[in-house]
Amino acid sequence: EDANGTLWYGTRETHLAQLRCTTAVTLPHPPALNSPVVNALARDPHGRIWVATPDHLACWNGDAFVDQTPTNEPGSFVIQYMLPCPDGGFWIQTQSHLRKFDGRQWTVIETVVTNGVSQEWPAAATNENFTLLFADSQGGAWFWRRHGGLGHISRTGKISWVLDAEGKTLGLVQSWFEDHEGDVWVGLGDGGLARLRPRLFHVVWPKENVDSKSACSVCQDENGVMWFGTSGKQVVRWKEGEAMTEF
């Protein structure tokens, strides 16, 4: 949804469309866009709509699209996903790379997503896609890959992987949230809840009185208290270093 309340979406045919009040309008030839094929669509923190065609990035100015493709590296690649950042930039996902751009300049170029533990992916996972999860307040981004677990890429392109106390990568990540202090909370499909701080990993799930190990939703209230929803329809509260199911 843009700043004017218009809902933008991509059709099954990879065309761009709008929902204006109750009327759906398909845009087979979007104004000033170099291609009718739209691979990704995003809204930045200022309410502006951005689209990615197979080889260009463009921003909607209210009347037409304006080309915003970075000019400092002309390499060919296919954009699959765009993730807006709080710092005004975007993380771009291709089939096997992460890039970041800001102000029509690539600030991170051709960062190959590889396994931070063994320095290379297992042979079976070489062509496995990864999933961008969210951008953090420091200009970095978090992503997940089946055979690599949860990873982080900094604003300068440095990749690191989250390991538990036994040195193992995390399993399926179902939910995530960055709180006011910059801590990242992730709900794990097979291991409850984890809180991540720089170089630290804490499992904070209560050992008793919880009907499910899976944290499916995470949020924080105005007083800084963390709340979690389980797959068993139970609510867990984290306050002053303690997780509780009764309050």
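Residues numbered from 1 in each chain as written. Predicted model: local features only at pLDDT ≥ 70, side-chain atom pairs only at ≥ 80, totals over all residues. Heavy atoms only, no water.

### Topic: the overall build of the chain
And then number 1: Along its length, the chain carries 0 helices and 23 strands.
And then number 2: Residue burial in the chain is summarised as follows: out of 247 residues, 45% are buried.
And then number 3: In the form shown here, the chain has an accessible surface area of approximately 13,400 Å², with 49% of it arising from carbon and sulfur atoms. (Helix = DSSP H or I, 4+ residues; strand = E, 2+ residues; numbered from the N terminus. Buried < 20%, exposed > 50% of the residue type's maximum accessible area, 1.4 Å probe, protein only. Areas by Shrake-Rupley, 256 points an atom, 1.4 Å probe, with all protein chains shown as cover.)

### A few points about the pairing of strand β16 (residues 173-178)
And then number 1: The sheet contact formed by β16 and strand β17 (residues 184-188) spans 5 bridges and is antiparallel. Paired with Ser175 across the bridge in β17 is Gly187.
And then number 2: Here β16 folds back onto β17 in antiparallel fashion, the turn holding 5 residues, of which Gly182 has a positive phi close to 90°. (Pairing = 2+ DSSP bridges.)

### Thoughts on the packing of aromatic side chains
And then number 1: Inspection of the entire model under this criterion finds 12 aromatic pairs.
And then number 2: Judged by centre distance (5.9 Å) and plane angle (75°), the ring pair of Trp8 and Phe65 falls under edge-to-face. Remark: Phe65 occurs in strand β7 (residues 65-67) and Trp8 occurs in strand β1 (residues 7-10); sequence separation between them is 57 residues. The burial state of Trp8 is the same as that of Phe65; both residues are buried.
And then number 3: Seen from their ring centres, Phe90 and Phe101 are 5.6 Å apart, and the 10° between their planes marks the pair as stacked. Here Phe90, found in strand β9 (residues 90-93), pairs with Phe101, found in strand β10 (residues 97-102); they are 11 residues apart in sequence, far enough to count as distant. Exposure class is identical for Phe90 and Phe101. Each is buried.
And then number 4: Every member of this aromatic cluster is reached through a ring pair, and the members are Trp50, Phe90, Phe101 and Trp106. (Phe/Tyr/Trp six-rings, centres within 6.5 Å; stacked < 30°, edge-to-face > 60°.)

### Notes on the sheet that holds strand β22 (residues 235-239)
And then number 1: Pairing in this open sheet of 4 strands is antiparallel, and the strands run β20-β21-β22-β23 from one edge to the other. Where the open sheet ends on each side, the last strands, each with one partner, are β20 (215-220) and β23 (242-244). Neighbouring strand axes in the sheet, compared pairwise and without regard to direction, differ in orientation by 20° on average. (Axes fitted to C-alpha atoms, helices over the stretch in contact; angles between N-to-C directions.)

### A word on the side chain of Gln18
And then number 1: Tracing the backbone shows Gln18 in strand β2 (residues 16-20).
And then number 2: On the basis of relative accessible area, Gln18 is assigned to the buried category, the value being 5%.
And then number 3: At 2.4 Å, the side chain of Gln18 forms a polar contact with the side chain of Arg20.
And then number 4: Beyond its immediate sequence surroundings of up to four residues, Gln18 is in contact with Thr6, Leu7, Trp8, Tyr9, Thr23, Ala24, Val25 and Leu27. (Polar contact = N/O pair within 3.5 Å; in protein donor to acceptor, adjacent residues only side chain to side chain. Contact = heavy atoms within 4.5 Å.)

### What about the sheet that holds β2?
And then number 1: The strand order across the open sheet built from 3 strands is β1-β2-β3, with neighbouring strands paired in antiparallel fashion. Both edges of this open sheet fall to β1 and β3 (23-27), since each of them pairs with a single strand only. In this sheet, adjacent strand axes meet at a mean angle of 25° when their direction is disregarded.
And then number 2: Relative to β3, β2 runs antiparallel, the two sharing 5 bridges. Counted as the bridge partner of Gln18 is Val25 from β3.

### Brief notes about unusual backbone geometry
And then number 1: Of note, Cys21 is a non-glycine position whose phi angle comes to about 60°, a positive value.
And then number 2: Tracing the chain through its elements places Cys21 in the loop between β2 and β3.
And then number 3: In this model, Arg104 sits at a positive phi of 65°, which is unusual for a non-glycine residue.
And then number 4: Within the secondary structure layout, Arg104 lies in the loop between β10 and β11 (105-112).

### As for the pattern of salt bridges
And then number 1: Scanning the entire structure with this criterion turns up 3 salt bridges.
And then number 2: Among the salt bridges present, the one from Arg104 reaches Asp67, with a minimum N-O distance of 3.8 Å. Linking Arg104 in the loop between β10 and β11 with Asp67 in strand β7, this pair joins segments that are 37 residues apart in sequence.
And then number 3: Here Arg104 falls in the partly exposed class, since its relative accessible area comes to 30%.
And then number 4: Classification of Asp67 by relative accessible area gives partly exposed; the value is 35%.
And then number 5: Two residues, Lys100 and Asp87, come together in a salt bridge whose shortest N-O distance is 2.7 Å. With Lys100 in strand β10 and Asp87 in the loop between β8 (81-84) and β9, this pair connects stretches of sequence that are 13 residues apart.
And then number 6: We classify Lys100 as buried; its relative accessible area is 3%. (Salt bridge = Lys/Arg side-chain N within 4 Å of Asp/Glu carboxyl O.)

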